[in-house]
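Below are the chains, spelled out letter by letter.
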Amino acid sequence: MDKMIKRETKPALAALFTIQLAISLALFALDIFLGPGIGDGIGYSIVLVLCLRNPKPAYALGWAAFATLLVIAAGILLPDNNALPLDLINRGLEIATIWAVWFLIRAIVPNKPDL
């Protein structure tokens, strides 16, 4: 009995998903309303770090892709205010940060064989 396998329960994983979705959408709203040049997209790293609570490796990949899509969508939806070079640099840094955190998470978490 000492060697029981501990697994996350479905309600805990559902709560994790809900928290991550709420943080992502709040950051997306901030990204749209604050305008270009504001580095609020760095908060997407928090969403990715929360992926450490889910043991599936594809879970973090999905969130990294979703966060990237939100950054791109915010850039498309943001009205033009003659700061395009700054906005592109900001978006590029946000996307680079998202994927750097994903690579770090992938390196930290060992690959577990599916049983």
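Not measured: the values here are computed from a predicted model.

**Here's the deal with the side chain of R91**
Tracing the backbone through its elements, the reader meets R91 in helix α4 (residues 84-108). Among the polar contacts made by the side chain of R91, one reaches the side chain of D31 at a distance of 2.7 Å. Apart from residues no more than four positions distant in its own chain, R91 is found in contact with D31, V71, A74, G75 and L78.

**A short note on the pattern of salt bridges**
This model, assessed by the stated rule, comprises two salt bridges. Here R91 makes a salt bridge to D31, at a shortest N to O gap of 2.7 Å. Of the two residues, R91 sits in helix α4 while D31 sits in helix α1 (residues 10-34), which places them 60 residues apart along the sequence. Like R91, the residue D31 is buried in the burial classification.

**Some details on α1**
Compared with an ideal rise of 1.5 Å per residue, which puts 25 residues at 36 Å, α1 spans 36 Å between its outermost C-alpha atoms and is within 8% of the ideal. All of the buried residues in α1 are L16, Q20, S24, L27, F28 and D31. Next to the buried residues of α1 lie α2 (44-49), α3 (57-77) and α4.

**A look at the packing of aromatic side chains**
Enumeration over the complete set of coordinates arrives at five aromatic pairs. Centre to centre, the rings of Y59 and W63 are 6.4 Å apart; their planes meet at 70 degrees, and the pair counts as edge-to-face. Remark: W63 and Y59 occur in helix α3; sequence separation between them is four residues, near one turn of the helix. With respect to burial, Y59 and W63 carry one shared label: buried. Between W63 and F66 the ring centres are 5.5 Å apart and the planes differ by 85 degrees, which places this aromatic pair in the edge-to-face class. You can see W63 and its partner F66 sitting in helix α3, three residues apart, about one turn around the helix. Using a relative accessible area of 5% as the deciding quantity, one classes W63 as buried.

What counts, and at which threshold
Residues numbered from 1 in each chain as written. Predicted model: local features only at pLDDT ≥ 70, side-chain atom pairs only at ≥ 80, totals over all residues. Heavy atoms only, no water. Helix = DSSP H or I, 4+ residues; strand = E, 2+ residues; numbered from the N terminus. Polar contact = N/O pair within 3.5 Å; in protein donor to acceptor, adjacent residues only side chain to side chain. Contact = heavy atoms within 4.5 Å. Salt bridge = Lys/Arg side-chain N within 4 Å of Asp/Glu carboxyl O. Buried < 20%, exposed > 50% of the residue type's maximum accessible area, 1.4 Å probe, protein only. Expected span 1.5 Å × (residues − 1). Phe/Tyr/Trp six-rings, centres within 6.5 Å; stacked < 30°, edge-to-face > 60°.

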